[in-house]
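Okay, here's what each chain looks like letter by letter:
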Amino acid sequence: KAGVTQTPRYLIKTRGQQVTLSCSPISGHRSVSWYQQTPGQGLQFLFEYFSETQRNKGNFPGRFSGRQFSNSRSEMNVSTLELGDSALYLCASSLMAAGKAFFGQGTRLTVV
Amino acid sequence: SQQGEEDPQALSIQEGENATMNCSYKTSINNLQWYRQNSGRGLVHLILIRSNEREKHSGRLRVTLDTSKKSSSLLITASRAADTASYFCATEALIQGAQKLVFGQGTRLTINP
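If you're wondering where the values come from, they're calculated on a predicted model, not measured in any experiment.

### Remarks on the interface of chain A and chain B
You'll often see interface size given as the accessible area lost when the parts meet. The partner chain B presents 20 residues to the 22 residues of chain A that form the contact. Taking both sides of the interface into account, the surface hidden between chain A and chain B amounts to around 1,700 Å²; carbon and sulfur atoms contribute 50%. The three residues of chain A that bury the most area against chain B are Leu43(A), Asn56(A) and Ala98(A), which together make up 29% of that side's buried surface. The tally of links from chain A across to chain B stands at 0 salt bridges. Of all the secondary-structure elements, those providing two or more residues to the side of chain A that touches chain B are strand 4 (31-38), strand 5 (42-50), strand 6 (53-57) and strand 9 (87-94) of chain A. Within the side of chain A that touches chain B, the residues separate by chemical class into 9 nonpolar, 8 polar and 5 charged.

### So, unusual backbone geometry
Thr7(A) connects to Pro8(A) through a cis peptide bond whose omega is -10°. Topologically, Pro8(A) is positioned in the loop between strand 1 (5-7) and strand 2 (10-13). With omega at 0°, the peptide bond leading from Asp7(B) into Pro8(B) counts as cis. Mapped onto the fold, Pro8(B) is located in the loop between strand 1 (4-7) and strand 2 (10-14). Within the chain, Ser51(A) stands out as a residue other than glycine whose phi angle is a positive 45°. Checked against the element boundaries, Ser51(A) lands in the loop between strand 5 and strand 6. Judged by its relative accessible area of 32%, Ser51(A) is partly exposed.

### What to know about the state of the cysteines
Per the counting criterion, the structure on display carries 2 disulfides over all chains. Through a disulfide, Cys23(A) is tied to Cys91(A); the S-S separation comes to 1.7 Å. One quick way to see it: the torsion about the S-S bond of Cys23(A) and Cys91(A) is about -50°, and its sign makes the bridge left-handed. Residue Cys23(A) is found in strand 3 (residues 19-24), and its partner Cys91(A) is found in strand 9; the two are separated by 68 residues along the sequence. Residue class for Cys91(A) comes out buried when judged on its relative accessible area of 0%. There is a disulfide in this structure between Cys23(B) and Cys89(B), and the S-S distance comes to 2.0 Å. Across the S-S bond of Cys23(B) and Cys89(B) the torsion is about 70°, and the bridge reads as right-handed. On the criterion of sequence distance, the pair formed by Cys23(B) in strand 3 (residues 19-25) and Cys89(B) in strand 9 (residues 85-95) is long-range, its members being 66 residues apart.

Quick notes on the rules
Residues numbered from 1 in each chain as written. Chains lettered and ligands numbered in written order. Predicted model: local features only at pLDDT ≥ 70, side-chain atom pairs only at ≥ 80, totals over all residues. Heavy atoms only, no water. Contact = heavy atoms within 4.5 Å. Buried area = accessible area lost by both parts, 1.4 Å probe. Salt bridge = Lys/Arg side-chain N within 4 Å of Asp/Glu carboxyl O. Helix = DSSP H or I, 4+ residues; strand = E, 2+ residues; numbered from the N terminus. Nonpolar A, V, L, I, M, F, W, Y, C, P; charged D, E, K, R; others polar. Buried < 20%, exposed > 50% of the residue type's maximum accessible area, 1.4 Å probe, protein only. Disulfide = S-S within 2.5 Å.

Here you go:
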């Protein structure tokens, strides 16, 4: 069974640009969660999608958004990038929201 | 603030020794999970312990859960260099009517050869 796939693995963007990250969950998993990981803040919850609906959202500004498609693949978008958005963005899929989570390798975003 | 808090933040031991990491949480839980993260990679699920369980084993891992103290510990026995990683506990939080998994800040474990 294929694991969680995140693309791209690395990304360099300049301030003010926008970025879209992609996550393909494990087949059969309908819950997809996104996390931002930085050295100072640790692992911060961004949002969770289940069957194309956002069920939960973390404490992030509206520049951070996401969506989930009918095949459970998910994308997250960050607009008007700031230097502080530089982080490892992790996607996790699971059968249920707070169950055993399977993580992708992450997308390392660097904003310059 | 985080639902789960790990202690210590960093731990350095010699290969072959045992490593113990602790996690404290704030609210009632259905289960508590431990994950490992190698540098810059995704997290890997290690073990899940349910609220009605007190101890669980998986290979060289032993997890205990004390719901009265709202704490858990992860013991890695006979440590190896490959165990060098960050370890996170994760608990559920009910936010706005939906469950989500909340991670602690993690313990950075270094195994010295």
